[in-house]
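Listed here are the chains, written in short residue letters.
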Amino acid sequence: MQTQFSKNWAEADSDGNATSGALNDTEADIHQAYLDYSFSENFSLKVGRQEITLGDHLLVGNVGWSNVSRSFDALKFTYSHDKGSFQFFNAKLEDENISSGANNEYFNFMGVYESLKLNDTFTNLDLYLLSKNDHTVGGDTDIYSYGARIKASFASLSL
C-alpha cells in the first residue's frame, strides 16, 4: 500500500477552506494498494490500484513528473519468458464528462503488451494493442491503438 498527499503551497482544500495554518488539512489518498500473487516463476497476477507503465512510459505511464502521479484500478496478468514478457490488463477509468448525465460513470481501458528482448543493439521489440471502451454517452465510443515499438542502442547513442 502506498499513500499519496499532494497540494500546492497554501492551497485551499476541495471545499474552498484554507488549510495553511489551520487545524485541518486536505485529505491523503491511496495511490497504490494491490495484491501481487505469483502462481509460478513465470506467471503472476496483480489486482487493485496500481501504476501501469508501458514502453518506458511513452505509451502508458504513471506521469511521475507530475505533482500527483497516475494509478489505475486494474487487474493485470503477466507471463515472463526467456525472451521477454507478455501482459494483459483491464482497468476501470472514471468518466470525467459529468455533464453528460450518463448512468455509467466508468469505462474500460484494456491492453495486451508483448515485450521481446532481441540482442545487444536492438534491445527491445514491443508489440501492443490498447483499447478504451466508453459506453457512457449516447452510442458506443471504442478507441483502439495498436503498434510496435523498437528500442535500440548504438555505442553511445540510444534510441
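Provided above is the structure to which this section pertains.
Model, not experiment: these values are computed from the prediction. Numbers given for residues are sequential positions, taken from 1 along each chain in its written order. The model is predicted, so local features are restricted to residues of pLDDT at least 70 and side-chain atom pairs to those at 80 or more, both for listing and for counting; the totals for chains, interfaces and linings are taken over all residues. To get the side-chain values, all heavy atoms of the structure are used, and hydrogens and water are removed first.

Moving on, we get to the side chain of Lys-46. Each helix is a run of DSSP H or I of at least 4 residues and each strand a run of E of at least 2, with the numbering of both proceeding from the N terminus. Position of Lys-46 among the secondary structure elements: in strand β3 (residues 43-50). Notably, Lys-46 is buried but unbridged: the nearest opposite-charge side chain belongs to Asp-36, and the N-O separation is 4.6 Å. Apart from the residues lying within four places of it in its own chain, the contact partners of Lys-46 are Tyr-34, Leu-35, Asp-36, Ala-74, Leu-75 and Lys-76. The buried label goes to any residue with under 20% of its type's maximum accessible area, the exposed label to any with over 50%, and the partly exposed label to all in between, with areas taken from a 1.4 Å probe on protein chains only. Working convention for charge: Lys and Arg count positive, Asp and Glu count negative, and His plus the chain ends are omitted. By salt bridge we mean one thing: a side-chain nitrogen of Lys or Arg within 4 Å of a carboxyl oxygen of Asp or Glu. Note on contacts: a residue pair is in contact if any heavy atoms of the two residues lie within 4.5 Å.

Turning our eyes to something else, we now look at the pairing of β3. Strands qualify as paired when DSSP identifies two bridges or more between them. With 6 bridges connecting them, strand β2 (residues 29-38) and β3 associate as antiparallel partners. If you follow Asp-36 over to β3, its bridge partner there is Lys-46. Connecting β2 to the next strand, β3, in antiparallel fashion are 4 residues.

Bringing the pattern of salt bridges into the picture now. Tallied over the entire structure, the rule returns 4 salt bridges. With a shortest N-O distance of 2.7 Å, Arg-49 and Asp-73 are connected by a salt bridge. Remark: Asp-73 occurs in strand β4 (residues 72-81) and Arg-49 occurs in strand β3; sequence separation between them is 24 residues. By relative accessible area, which is 27% here, Arg-49 ends up partly exposed. Residue Asp-73 is classed as partly exposed on the basis of its relative accessible area, which comes to 36%. The residue Lys-151 makes a salt bridge to Asp-56 at a minimum N-O spacing of 3.0 Å. With Lys-151 in strand β8 (residues 141-154) and Asp-56 in the loop between β3 and β4, this residue pair connects regions lying 95 residues apart in the sequence. A residue is classified by how much of its surface remains accessible, and Asp-56, at 44% relative accessible area, is partly exposed.

Turning next to the nonpolar core. The term nonpolar core refers to a set of buried residues drawn from Ala, Val, Leu, Ile, Met, Phe, Trp, Tyr and Cys, joined through side-chain atoms within 4.5 Å. In this structure, Ile-52, Leu-54, Val-60, Phe-72, Phe-89, Phe-109 and Leu-130 are the most contacted members of the largest nonpolar core, which totals 13 residues. Breaking this core down by element, the ones donating at least two residues are β4, β5 (84-94), β6 (106-117) and β7 (122-134). For Phe-89, the residues in contact, after removing those within four places along its chain, are Ile-52, Leu-54, Leu-75, Lys-76, Phe-109, Met-110, Gly-111 and Leu-130.

Aromatic contacts are taken between Phe, Tyr and Trp rings whose centres are within 6.5 Å, Trp giving its six-membered ring; a plane angle under 30 degrees counts as stacked, one over 60 as edge-to-face, and the others as tilted. In this structure the tally under the stated criterion is 7 aromatic pairs. Aromatic pair Tyr-37 and Phe-39: ring centres 4.9 Å apart, planes at 80°, arrangement edge-to-face. By relative accessible area, Phe-39 is classed as partly exposed at 47%. With a centroid separation of 6.0 Å and an interplanar angle of 35°, the aromatic rings of Phe-72 and Phe-109 are classed as tilted. Placement of the pair is Phe-72 in strand β4 and Phe-109 in strand β6, with a sequence separation of 37 residues. Looking at Phe-109, the relative accessible area reads 12%, which means it is buried. An aromatic cluster of at least three residues, connected via ring pairs, comprises Tyr-37, Phe-39, Phe-43, Phe-77 and Phe-88. Over the face of the ring belonging to Tyr-34 we find Lys-46, whose NZ or CZ atom lies 4.3 Å from the ring centre. By definition, being over a ring means that NZ of Lys or CZ of Arg is both within 6 Å of the ring centre and within 35 degrees of the ring normal.

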